[in-house]
Amino acid sequence: MEAESEPYVRLATMRQLHQAVADLNTARSLADTLQSVADGIVSGLGYELGCVNLVRPDGDLVVAAFAGNSAAEALITGRIGSREAWERRLSMGEAWDELRFIPHTEGWMLLDDDVPQWHTEGPEPRFEDEWHPLDRLYAPMYASGGGRDLLGVLSVDGPRNGRRPGAWGREALQMYASQAAIAISNARLRANMQRALVRLEREQQALRASEESFRQAFEYAPSGMAIAEMGGDQHGRLLRTNDALCRLLGRPASVLRRYSFADLVHPEDIGTLLRTSAEGGRAELRLGRRDGTYLWVSLRNSVVADTTDGPRLLLTHVEDIEERKRNELHLAHRASHDALTGLPNSAELRSRLGARLCERPHSVTSTAIEALDAAYGDVESSAHGYRADGYEGEVAPGVGPHDHHVHVVAPGAERDDGVKGLAVLFCDLDGFKSINDRFGHHAGDAVLIEVARRLTTCVRDGDTVARLGGDEFVVLADGLGAADAADLAVRLRNAIIPPIRVDGRAVRVGASFGIGWAECGMTEEEVLHSADQRMYMEKRSRSKVHRRAG
């Protein structure tokens, strides 16, 4: 089972990787893009050195960008390695999916080939996965379009943690190489398009030649391209589309000419499209396909003139980013959910709990109607010392007339006073350790998965069931009174104790529940600690025999 801190590391890595990828798309030129790729290896992936080797027209690879060491950058930038030597390297060592790792024990054979490289000295590794200065790790970049045309190779060295990257680090490097290939291809395409656009502004004779160049770049671009009207009643209407865009949206060019992007965009993204400025504007949104599905794309706009002093047109570059969006969602889910049970993990639990709390305690208990009035700002809120209309009354520190936060309060401890609150049920399994000891961790994992399923089926939509770690679970259930929370704990315990079949045998666990209440003025840790302490009080109040389910 994963360490509790790993989700935080993954979330931090995902944020750094997301920022590094975002920086790739802000570069203004091919040279800036290549340098951004090298810088992202150091800043986003945690390596001390990063190098971009780009395939030249003759097939050899040139060191196009370097980051992390100015002396090494001056030594090898611009130097060329033969295609034959590179292909030899990419066929050696260990294949980590698309990556290629050559350990120092094999790397001595490469010291005399013509691939530009830097040399550092260091001691022998002290443990198996320690990084050696002569270890080599390469991430090939392939051109978009589904082929295997080599675009270049990323070389990385010196992981800051001193270890060879694990599965998570390899996946991040491979994903970054894929995004870097797209950014470099797009930078090349933009450079070609900008050169074509410059030629369109020249004299008439040069204009005719550049129009052909533009047509070819437009028609045969690997990404979608469109030309639309700009201004007037038909603003935004598509005049011309290339084959790539037609394939992307599943519609022929004759049909697309009936639409504008406003007709194709997802209803939730229409605001994003309208906010995108015409000249130099860019946006990420969803466009509708012929089969009724929607596809995530990146739109990038440029303004061109049809002829000299003629009407201005909108040239739009449409890039398919569906896979990137899917990967972002996948990484976000992995960072916020438990890998074994699929439940929200400790970090996500604290995030959801913290979203309901504020620093100012709610000292005066409000009725349900008063809580709604405070939320929508319709009436005077005398309990907080301010009026919703903003004309009278003293405004409490940190609270304004537009504060729509509904404070979380706890029911009375002595009696059921009718107050509904956010119940925090802390669950600890009884007898789980003996299952692990007798039948192994495989059986224990199967029990945890089944317990997670049973807990989830017993709560309402909108409630949260999270795995805190080990055999501890937490349930967040809003809108409950004290009696409701006690009834829910009984239902959850009764759902857990029936036998669980694992590998043909029936095993049973019990459960101890502690009921805490979230309340504004408390921190997430205080709320969870309170429920945890109540769980241990409940566990100690029962004998060991009654705690075990059997």
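Computed from a predicted structure; not experimentally measured.

Examining the packing of helix H15 (residues 432-439) against helix H16 (residues 441-458)
At a closest axis distance of 6 Å, the pairing of H15 and H16 adopts a crossing angle of 145°. Here Phe432, Ile435, Asn436 and Phe439 of H15 come into contact with H16, specifically with His441, Ala443, Gly444, Val447 and Leu448. By residue class, the composition of the contact of H15 with H16 is six nonpolar, three polar and no charged.

Here we look at the nonpolar core
Residues Val37, Val52, Leu137, Met141, Leu154, Leu173 and Tyr176 are the most contacted members of the largest nonpolar core, which totals 38 residues. Mapped by element, the contributors of at least two residues to this core are helix H1 (6-24), helix H2 (30-45), strand S1 (47-55), strand S2 (61-67), strand S5 (99-102), strand S6 (136-142), strand S7 (150-159) and helix H6 (167-200). Looking at this core element by element, the count peaks at 10 residues for H6. Contact partners of valine 37, with chain neighbours within four places excluded, come to Leu24, Val52, Leu154, Tyr176, Ala180 and Ile184. The next biggest cluster of nonpolar side chains, apart from the first, holds 31 residues, and it includes Ala443, Val475, Leu488 and Phe513.

Section: the sheet that holds strand S18 (residues 510-518)
Pairing is antiparallel across the open sheet formed by four strands, whose spatial order is S14-S15-S13-S18. On the outer flanks of this sheet lie strand S14 (464-469) and S18, each paired with one strand and no other. Taking each pair of neighbouring strands and ignoring which way they run, the sheet shows an average axis angle of 25°. Sheet topology places strand S13 (residues 421-430) next to strand S15 (residues 472-480); seven bridges connect them, and they run antiparallel. Within S15, the position partnered with valine 424 by the bridge is leucine 476. In the packing of H16 onto the sheet, contacts are made with S13, S14, S15 and S18, and the angle to S15 comes to roughly 5°. Sheet contacts for helix H17 (residues 482-496): S13, S15 and S18; angle to S18, the most-contacted strand, approximately 155°.

Describing the sheet that holds S2
Sheet architecture is open: seven strands sit in the order S3-S2-S1-S7-S6-S5-S4, paired in antiparallel fashion. With partners counted over all chains shown, the strands left at the sheet margins are strand S3 (80-81) and strand S4 (94-96), one partner each. Bridge analysis of S5 against S6 gives three bridges, and the strand direction is antiparallel. Looking at the pairing, arginine 100 lines up with tyrosine 138 of S6. Packed onto the sheet, H2 meets S1, S2 and S7 and runs at close to 155° relative to S1.

Digging into the pattern of salt bridges
Tallied over the full model, the rule gives 27 salt bridges. Between aspartate 291 and arginine 289 there is a salt bridge; the shortest N-O distance is 3.3 Å. Judged by relative accessible area, aspartate 291 falls into the exposed class, the value being 53%. A residue is classified by how much of its surface remains accessible, and arginine 289, at 23% relative accessible area, is partly exposed. A salt bridge links arginine 453 to glutamate 450, with the shortest nitrogen-to-oxygen separation between them at 2.6 Å. Here glutamate 450 and arginine 453 lie together in helix H16, a separation of three residues that amounts to about one turn. Residue arginine 453 is classed as partly exposed on the basis of its relative accessible area of 45%. Through salt bridges that share partners, Glu284, Arg324, Lys325 and Glu328 make up one connected network.

As for the packing of H16 against H17
Relative orientation of the contacting elements H16 and H17 amounts to 145°, with a least axis distance of 9 Å. H16 and H17 meet at a crossing whose hand is right-handed. Of the residues in H17, those in contact with Val451, Arg454, Leu455 and Cys458 of H16 are Leu488, Arg491, Leu492, Ala495 and Ile496.

Remarks on the side chain of serine 260
You can see serine 260 is positioned in the loop between helix H9 (253-256) and helix H10 (261-264). Leaving out residues up to four positions away in the same chain, serine 260 has contacts with Gly236, Arg237 and Leu238.

Topic: the packing of aromatic side chains
With the rule as written, the count across this model stands at four aromatic pairs. Between phenylalanine 66 and tryptophan 118 the ring centres are 5.1 Å apart and the planes differ by 90°, which places this aromatic pair in the edge-to-face class. Here tryptophan 118 lies in the loop between helix H5 (104-107) and S6 and phenylalanine 66 lies in strand S2, a separation of 52 residues in the sequence. In terms of burial, phenylalanine 66 and tryptophan 118 fall into one category: buried.

Focus on the environment of arginine 251
Structurally, arginine 251 can be placed in the loop between helix H8 (243-249) and H9. Residue arginine 251 is classed as buried on the basis of its relative accessible area of 15%. It is 6.0 Å that separates the C-alpha atoms of arginine 251 and arginine 290, two residues lying 39 residues apart in sequence. Excluding residues within four positions of it along the chain, arginine 251 makes contact with Cys246, Leu256, Tyr259, Leu264, Gly288, Arg289 and Arg290. A distance of 3.5 Å separates the side chain of arginine 251 from the backbone oxygen of glycine 288, its partner in a polar contact.

A closer look at the environment of isoleucine 41
Following the sequence through the fold, isoleucine 41 ends up in helix H2. Accessibility expressed as a relative area gives 0% for isoleucine 41, which makes it buried. In this structure the C-alpha to C-alpha distance between isoleucine 41 and leucine 173, which are 132 residues apart in sequence, comes to 8.2 Å.

A short note on the pairing of S6
In terms of residue burial, S6 counts as a mostly covered element, since six of its seven residues are buried. Across six bridges, the pairing between S6 and S7 is antiparallel. By the bridge assignment, methionine 141 is partnered in S7 with glycine 152.

Reading the values: the criteria
Chains are numbered independently. Their residues run from 1 in the order of the written sequence. Selection of residues for local features in this predicted model requires a pLDDT of at least 70, selection of side-chain atom pairs for listing and counting requires 80 or more, and totals for whole chains, interfaces and linings are taken over all residues. With hydrogens and water excluded, all non-hydrogen atoms of the structure serve as input to the side-chain values. To obtain an axis, a line is fitted to C-alpha atoms, over the contacting stretch when the element is a helix, and the angle between two such axes runs from 0 to 180 degrees between their N-to-C directions. Only DSSP runs of H or I covering at least 4 residues are called helices, and only runs of E covering at least 2 are called strands; the numbering of each starts at the N terminus. By the convention used here, residues are in contact when the closest approach between their heavy atoms is within 4.5 Å. For this classification, Asp, Glu, Lys and Arg are treated as charged, while Ala, Val, Leu, Ile, Met, Phe, Trp, Tyr, Cys and Pro are nonpolar and the rest, including Gly, are polar. Each nonpolar core is a collection of buried residues, namely Ala, Val, Leu, Ile, Met, Phe, Trp, Tyr and Cys, held together in the definition by side-chain atoms within 4.5 Å. Per-residue accessibility, obtained with a 1.4 Å probe over protein chains only, is compared with the maximum for each type, and a residue is labelled buried under 20%, exposed over 50%, and partly exposed between these values. For two strands to be treated as a pair, DSSP must find no fewer than two bridges joining them. The term salt bridge refers to a side-chain nitrogen of Lys or Arg lying within 4 Å of a carboxyl oxygen of Asp or Glu. Rotating anticlockwise by less than a right angle from the far helix to the near helix defines a left-handed crossing, while the corresponding clockwise rotation defines a right-handed one. Paired rings are identified among Phe, Tyr and Trp, the last through its six-membered ring, by centres lying within 6.5 Å, and are further divided according to the angle between planes into stacked (under 30 degrees), edge-to-face (over 60) and tilted (the rest). Residues adjacent in sequence count toward polar contacts only when both atoms are side-chain atoms; beyond that, a polar contact is any pair of N or O atoms within 3.5 Å, and within protein one must be able to donate a hydrogen and the other to accept it.

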